[in-house]
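This is what each chain is made of:
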Amino acid sequence: AVVSTQSTGQSVNALNSEGVLFSRSTPLSYLLENGFTLEILDEHLVKHSTGVAATPFYGANADEVTEKIKNLAASLEIVENKIAIQENLRSKLDKLEEEFGPLEQKRAELLRRSEFRTNAVVWGGLFAMGGQFGFLARLVWWDYSWDIMEPVTYFVTYGTAIVMYAYFVCVRSDYNFDNARERWNLRTFHKIAKRNGFDHDKYNRVVEQMREIEANMTQLENVGALLNAKKQM
């Protein structure tokens, strides 16, 4: 039969160059002589196709016909192996996605909490700078005079420069508000994650495995497309 449905849930169809399905009664010799495309529909309703070039039977000897049939069988085996590998990868990916869901949900909650604490620190720094400004202004214009407070403001400014340089020594990077904020946020996240028992290494491992499987599935599709292109050349 040209069109067959297997017990595995896969269906194999033969189509002409215009995409029209051949009937079950179409002789194999007619298909081989005119060329056709094998289309396999797996249990997930994903199509896998491979082209079979035409082979003229008039004037062809038995060896040529036998070789053509062997090539057809090999093409079917390649497609079936491709489907089996894809099913295996898809099964692994589904399991990883089930494991990834709760981890991602918990991570998002921890990120929200660390972001809230980081924003509190940022706004706290702004209020502290405003308080310092008001305190120095009172000392200059009310309690003392500029002649007395000038050296104090100098040391305050120089102390700030020392803090900035200490930041560079510790992190090996110039002080930048954006970078400092992200570093503080990351530090806060890891503290909260450790306190709540979140396994960040496991999360990274699951993400890496998912990316690797998706890359393998994409590469498998590209290999299948390349084989079809070579058959049609």
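Participant: Explain a positive patch on the surface to me, using residue names and the numbers behind them.
Facilitator: Taken together, the side chains of Arg 117, Arg 187, Lys 191 and Arg 195 make up a positively charged region of the molecular surface. In terms of residues, the positive patch owes the most to one element, helix 4 (residues 177–195), which gives 3 residues.

Participant: Give me the packing of aromatic side chains: which residues, what numbers.
Facilitator: The geometry of an aromatic ring pair is captured by two quantities: the separation of the ring centres and the angle between the planes. If you walk through the whole model with that rule in mind, you get 7 aromatic pairs. With centroids separated by 6.4 Å and ring planes inclined at 35 degrees, the aromatic side chains of Trp 123 and Phe 127 adopt a geometry described as tilted. With Trp 123 and Phe 127 both in helix 2 (residues 62–143) and 4 residues apart, this pair spans about one turn of that helix. Measuring from centroid to centroid gives 6.4 Å for Phe 189 and Phe 198, while their planes differ by 65 degrees, and the two rings are edge-to-face. Phe 198 matches Phe 189 in its accessibility class, with the two residues each being buried. Clustering of aromatic rings is evident, with ring pairs tying together Phe 100, Phe 189, Phe 198 and Tyr 203.

Participant: Give a description of the layout of surface pockets that names residues and reports values.
Facilitator: By volume, the largest pocket amounts to about 730 Å³. Taken together, 20 residues line the largest pocket, and the ones lying closest to its centre are Val 121, Gly 125, Tyr 175, Phe 177 and Ala 180. Going through the elements one at a time, helix 2, helix 3 (146–171) and helix 4 are the ones with two or more residues in the lining of the largest pocket. With 8 residues, helix 2 is the largest single contributor of residues to the lining of the largest pocket. Within the lining of the largest pocket, the residues separate by chemical class into 12 nonpolar, 4 polar and 4 charged.

Participant: I'd love a proper account of the nonpolar core, names of residues and values included.
Facilitator: Core analysis: the biggest nonpolar cluster contains 15 residues, and Leu 110, Phe 198 and Ile 213 have the highest contact counts within it. Listing elements by their share of this core, those giving two or more residues are helix 2, helix 4 and helix 5 (200–232). If you tally residues by element for this core, the top one is helix 5, at 6 residues.

Participant: Could you give an account of the pattern of salt bridges, with specific residues and numbers?
Facilitator: In a structure, side chains of opposite charge can pair up when their charged atoms sit close to one another. Inspection of every chain in the model, using the stated rule, returns 6 salt bridges. With a closest N to O distance of 3.2 Å, Arg 90 and Glu 87 form a salt bridge. Here Glu 87 and Arg 90 lie together in helix 2, a separation of 3 residues that amounts to about one turn. One salt bridge in this structure joins Glu 182 and Arg 181, with 3.8 Å as the shortest N-O distance. What emerges from the salt-bridge pattern is a single network uniting Glu 115, Arg 181 and Glu 182.

Participant: So, helix 3: which residues are in play, and what are the values?
Facilitator: Its 26 residues place the ends of helix 3 37 Å apart at the C-alpha level, agreeing with the 38 Å of an ideal helix rising 1.5 Å per residue. Every buried residue of helix 3 is accounted for by Met 149, Thr 153 and Tyr 167. Once helix 3 finishes, Arg 172 follows within two positions and takes phi at roughly 60 degrees, a positive value.

Participant: Hey, could you go over a negative patch on the surface for me, with residue numbers and the actual values?
Facilitator: A contiguous patch of negative charge, built from Asp 94, Glu 97, Glu 98 and Glu 214, is present on the exposed surface. Top element by residues in the negative patch is helix 2. It accounts for 3 residues. Note that Glu 98 resides in helix 2. Residue Glu 98 is classed as exposed on the basis of its relative accessible area, which comes to 62%.

Participant: Tell me about a nonpolar patch on the surface, residues and numbers included.
Facilitator: Judged by side-chain polarity, Tyr 154, Phe 155, Tyr 158 and Ile 162 come together as a nonpolar surface patch covering roughly 490 Å² of accessible area. Here Tyr 158 shows up in helix 3.

Participant: Account for helix 4, naming residues and giving values.
Facilitator: Spanning 19 residues, helix 4 covers 27 Å between terminal C-alpha atoms, matching the ideal 27 Å at 1.5 Å per step. Turning to helix 4, its buried residues are Ala 180, Asn 185, Thr 188, Phe 189, Ile 192 and Ala 193. Following helix 4 by one or two positions, Gly 197 adopts a phi angle in the positive range, close to 75 degrees.

Participant: Let's hear about the side chain of Thr 118: which residues, and what values?
Facilitator: Within the fold, Thr 118 resides in helix 2. For Thr 118, the side chain forms a polar contact with the side chain of Asn 185, separated by 3.1 Å. Sequence-distant contacts of Thr 118, defined by excluding residues within four places in its chain, comprise Arg 181, Trp 184, Asn 185 and Thr 188.

The rules behind each value
- Residues numbered from 1 in each chain as written.
- Predicted model: local features only at pLDDT ≥ 70, side-chain atom pairs only at ≥ 80, totals over all residues.
- Heavy atoms only, no water.
- Patch = residues over 30% accessible without salt bridge, like charges linked within 9 Å, V, L, I, M, F, W, Y side chains within 5 Å.
- Areas by Shrake-Rupley, 256 points an atom, 1.4 Å probe, with all protein chains shown as cover.
- Salt bridge = Lys/Arg side-chain N within 4 Å of Asp/Glu carboxyl O.
- Lys, Arg positive; Asp, Glu negative; His and termini not counted.
- Charge placed at Lys NZ, Arg CZ, Asp CG, Glu CD.
- Helix = DSSP H or I, 4+ residues; strand = E, 2+ residues; numbered from the N terminus.
- Phe/Tyr/Trp six-rings, centres within 6.5 Å; stacked < 30°, edge-to-face > 60°.
- Buried < 20%, exposed > 50% of the residue type's maximum accessible area, 1.4 Å probe, protein only.
- 1 Å grid on protein atoms, 1.4 Å probe; cavity = no way out; pocket = protein on both sides within 12 Å on 5 of 7 lines; lining within 4 Å.
- Points joined across faces, edges and corners; volume = space filled by probe spheres on them.
- Nonpolar A, V, L, I, M, F, W, Y, C, P; charged D, E, K, R; others polar.
- Core = buried A, V, L, I, M, F, W, Y, C linked by side-chain atoms within 4.5 Å.
- Expected span 1.5 Å × (residues − 1).
- Polar contact = N/O pair within 3.5 Å; in protein donor to acceptor, adjacent residues only side chain to side chain.
- Contact = heavy atoms within 4.5 Å.

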